[in-house]
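# Notes for the structure review
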Amino acid sequence: MAPHCFNLYIYNRQGVCIHYQEWYRPKHVTHGAGTLLDDQKQMFGLFWTLSNLCATVDPKCSTRAPLGAPRKIGEGSRFNSFTTNNYKLHFFETATGFKIVLNTSREAGDMRELLSTLYDDLFVEHVVKNPAYTPGTQVSIDSFNAALNAFFKARGMIQSQQQG
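This write-up is about the structure you can find in this document. Since the model is a prediction, treat every value here as computed from it, not as a measurement. (Residues numbered from 1 in each chain as written. Predicted model: local features only at pLDDT ≥ 70, side-chain atom pairs only at ≥ 80, totals over all residues. Heavy atoms only, no water.)

## Thoughts on the sheet that holds strand 5 (residues 99-104)
Heads up, the rule is: The criterion for strand pairing is that DSSP finds at least two bridges linking the strands in question. A run of H or I in DSSP becomes a helix once it reaches four residues, and a run of E becomes a strand once it reaches two; helices and strands are each numbered from the N terminus. For helices, the axis comes from a line fit to the C-alpha atoms of the stretch in contact; other axes are also lines fit to C-alpha atoms, and the angle between any two N-to-C directions lies between 0 and 180 degrees. Should any heavy atoms of two residues lie within 4.5 Å, those residues are counted as being in contact.
As summarised here, the arrangement of the 5 strands in space is 2-1-5-4-3, forming an open sheet in which the pairing is antiparallel. This sheet does not close on itself; its edge strands, each paired only once, are strand 2 (17-22) and strand 3 (81-83). Pairwise comparison of adjacent strand axes, ignoring direction, gives a mean angle of 10° for this sheet. Across 5 bridges, strand 1 (residues 5-11) lies against strand 2 in antiparallel orientation. Residue pairing across strands places Asn7 opposite Glu22, the latter belonging to strand 2. Packing against the sheet, helix 2 (residues 112-128) makes contact with strand 1, strand 2, strand 4 (88-93) and strand 5, and its axis sits at approximately 55° to strand 4. Seen against the sheet, helix 3 (residues 142-154) touches strand 1, strand 2 and strand 5 and runs at an angle of roughly 50° to strand 2.

This is how it looks when you write it as structure tokens:
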């Protein structure tokens with residue numbers, strides 16, 4: 001059985017969530033973080049903290065920056081995913097500084113290749129190369145949303161009733 005997608009966040013280099021898409025979330029955001037914006041900020045804080053912690057405690061790095069010190073993109077040990085008793089969070093950072101977070105069901109395997117493909121084939125094609133898109137603004141491009149749904153549906157990761 002294929003894992004299921006719950007939701008997807010895309011952040012720009014400045015840490016602003018420029019796209020959020022939800023397929024399945026039984027517990028509404030107002031019953032947790034408060035607002036969608038609060039949820040997006042908390043998600044950024046979570047992966048930023050984990051990424052910095054991983055880089056700081058990297059046993060293979062001879063020079064360690066203090067916890068929380070700025071890092072160059074891709075520098076140090078990388079955080080890829082974690083699993084809880086209810087979901088698995090996958091993290092992917094592009095060479096250009098975009099950050100993609102995908103929450104799935106627990107049985108999902110390594111999603112780095114899938115998230116790389118999502119970035120290269122969908123985000124770059126429908127958003128970055130779109131002359132109507134202004135960098136740094138919210139991504140509200142219908143063709144991108146449809147492509148995301150088709151991308152995950154083709155992999156059996158969302159059901160028709162899950163599409164958001």
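## Re helix 3
This is how it is decided: Here the expected span of a helix is defined as 1.5 Å times the quantity of residues minus one. For every residue, the accessible area obtained with a 1.4 Å probe (protein chains only) is divided by the maximum for its type, and the residue is called buried under 20%, exposed over 50%, and partly exposed between those limits.
The end-to-end C-alpha separation of helix 3 is 18 Å, in line with the 18 Å expected for 13 residues at 1.5 Å each. Among the residues making up helix 3, those that are buried are Phe144, Ala147, Leu148, Asn149, Phe151 and Phe152. In this structure, the buried side of helix 3 is in contact with strand 1, strand 2, strand 5 and helix 2.

## So, the pattern of salt bridges
Basically, it comes down to this: Any carboxyl oxygen of Asp or Glu that lies within 4 Å of a side-chain nitrogen of Lys or Arg is treated as forming a salt bridge with it.
Applying the stated criterion to the full structure yields 5 salt bridges. Lys129 is paired through a salt bridge with Glu125; the nearest N and O atoms lie 2.9 Å apart. In this structure, a network of salt bridges that share partners links the residues Glu22, Arg25 and Asp39.

## Things to note about the pairing of strand 2
The two faces of a sheet get side chains in turn, since along a regular strand they alternate between them. With respect to burial, strand 2 is a largely interior element, 5 of its 6 residues being buried. Linking two consecutive strands that pair antiparallel, namely strand 1 and strand 2, is a turn of 5 residues; a positive phi of about 85° is found at Gly15 within it.

## Looking at the nonpolar core
Test applied: For our purposes a nonpolar core is just a set of buried Ala, Val, Leu, Ile, Met, Phe, Trp, Tyr and Cys residues, chained together by side-chain atoms within 4.5 Å.
Grouped together as the largest cluster of nonpolar side chains are 29 residues, with contacts concentrated most on Phe123, Phe144 and Phe152. Counting only elements with at least two residues in this core, the list comes to strand 1, strand 5, helix 2 and helix 3. No other element matches helix 2, which puts 8 residues into this core. In this structure, Phe152 is in contact with Cys5, Trp23, Leu102, Leu114, Leu118, Met157 and Ile158, ignoring residues within four places of it in sequence. Residues Tyr9, Cys17, Tyr20 and Leu89 belong to the second largest nonpolar core, which totals 10 residues.

## Considerations on the pairing of strand 1
Strand 1 sits mainly inside the fold: 7 of its 7 residues count as buried. One ladder, built from 6 bridges, connects strand 1 with strand 5; its direction is antiparallel. What sits directly across from Tyr11, in strand 5, is Lys99.

## Concerning helix 1 (residues 36-56)
Between its first and last C-alpha atoms helix 1 spans 30 Å; for 21 residues at 1.5 Å apiece the expected length is 30 Å, and the two agree. For helix 1, the full list of buried residues reads Asp39, Gln40, Met43, Phe47, Ser51, Asn52, Ala55 and Thr56. Check the buried side of helix 1 and you find it contacts strand 1, strand 2, strand 4 and strand 5.

## Considerations on the packing of aromatic side chains
To keep it simple, the criterion reads: Only Phe, Tyr and Trp rings take part, Trp by its six-membered ring, and two of them pair if their centres are within 6.5 Å. Stacked means planes under 30 degrees apart, edge-to-face means over 60, and tilted covers everything else. For a Lys NZ or an Arg CZ to count as sitting over a ring, it must be within 6 Å of the ring centre and within 35 degrees of the ring normal.
Throughout the structure, instances matching the rule amount to 16 aromatic pairs. Their ring planes at 75° and their centres at 5.8 Å tell us that Phe123 and Phe144 sit as a pair that is edge-to-face. Taken as a pair, Phe123 in helix 2 and Phe144 in helix 3 lie far apart in primary sequence, 21 residues in all. Ring pairs connect the aromatic residues Tyr9, Tyr11, Tyr20, Phe44, Phe47, Phe79, Phe82, Tyr87 and Phe91, which therefore count as one cluster. Directly above the aromatic system of Phe151 lies the positively charged group of Arg155, at a separation of 3.7 Å from the ring centroid.

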